[in-house]
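Tertiary structure, described
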Amino acid sequence: VDVFQAWCGPCKPVVNLFQKIRNEVGGHLLHFAVAEVDSIDALEKYRGQCEPVFLFYTGGELVAVVRGADAPLLQKTILKQL
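Rules of the game
Residues numbered from 1 in each chain as written. Predicted model: local features only at pLDDT ≥ 70, side-chain atom pairs only at ≥ 80, totals over all residues. Heavy atoms only, no water. Phe/Tyr/Trp six-rings, centres within 6.5 Å; stacked < 30°, edge-to-face > 60°. Helix = DSSP H or I, 4+ residues; strand = E, 2+ residues; numbered from the N terminus. 1 Å grid on protein atoms, 1.4 Å probe; cavity = no way out; pocket = protein on both sides within 12 Å on 5 of 7 lines; lining within 4 Å. Points joined across faces, edges and corners; volume = space filled by probe spheres on them. Nonpolar A, V, L, I, M, F, W, Y, C, P; charged D, E, K, R; others polar. Core = buried A, V, L, I, M, F, W, Y, C linked by side-chain atoms within 4.5 Å. Buried < 20%, exposed > 50% of the residue type's maximum accessible area, 1.4 Å probe, protein only. Contact = heavy atoms within 4.5 Å. Salt bridge = Lys/Arg side-chain N within 4 Å of Asp/Glu carboxyl O.

Let's talk about the packing of aromatic side chains
- Counted by the stated rule, this structure contains two aromatic pairs.
- A centroid spacing of 4.3 Å and a plane angle of 10° characterise the contact between F18 and F32, whose relative ring orientation is stacked. Taken together, the residues F18 in helix α1 (residues 15–25) and F32 in the loop between α1 and β2 (34–36) connect sequence positions 14 residues apart.
- Here a set of aromatic residues connected by ring pairs shows up, and it is made of F18, F32 and F54.

Printed below as a string of structure tokens:
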């Protein structure tokens with residue numbers, strides 16, 4: 001989940017990375033979503049930050065967090081969680 005604030009928007013530079021990985025591993029294994037922290041109370045702790053935050057869930061449980069648009073770390077985390 002790409003967690004963002006309305007004033008800075010979702011992290012567009014990593015969309016291509018996500019699409020590339022999804023095409024490589026297959027759409028049935030990997031799902032991406034974006035969530036605006038200003039409208040979701042459960043994400044309140046991520047408000048007021050200017051860097052993107054990526055939350056990784058498996059079976060409904062938070063399993064990893066990546067702060068910042070670090071493409072190599074995001075790719076490594078995605079592949080590790082798969």
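Let's talk about the layout of surface pockets
- Taken as a whole, the largest pocket encloses approximately 450 Å³ of empty space.
- Every residue lining the largest pocket is counted, 23 residues in all, and those nearest its centre are V1, L30, H31, F32 and F56.
- If you list the elements that add at least two residues to the lining of the largest pocket, you get α1, β3 (53–58) and α2 (71–81).
- With five residues, the single largest contributor to the lining of the largest pocket is β3.
- Tallied by class, residues from the lining of the largest pocket come to 16 nonpolar, four polar and three charged.

What about the nonpolar core?
- C11, V14, L17, F18, I21, L30, F54, F56, A64, V66, L74 and I78 form the largest nonpolar core, which has 12 residues in total.
- Counting residues per element, the ones that place at least two in this core are α1, β3, β4 (61–67) and α2.
- Element by element, the count of residues in this core is highest for α1, at three residues.
- The contact partners of L17, leaving out residues within four places of it in the chain, are A71, L74 and Q75.
- Within the second largest apolar cluster, seven residues are counted, among which are V3, V37, L43 and L55.

Re the pattern of salt bridges
- Scanning the model with the defined rule gives two salt bridges in all.
- Ionic pairing is found between E24 and K20, a salt bridge with its closest N-O pair at 3.6 Å. Remark: K20 and E24 occur in helix α1; sequence separation between them is four residues, near one turn of the helix.
- For K20, a relative accessible area of 43% puts it in the partly exposed group.

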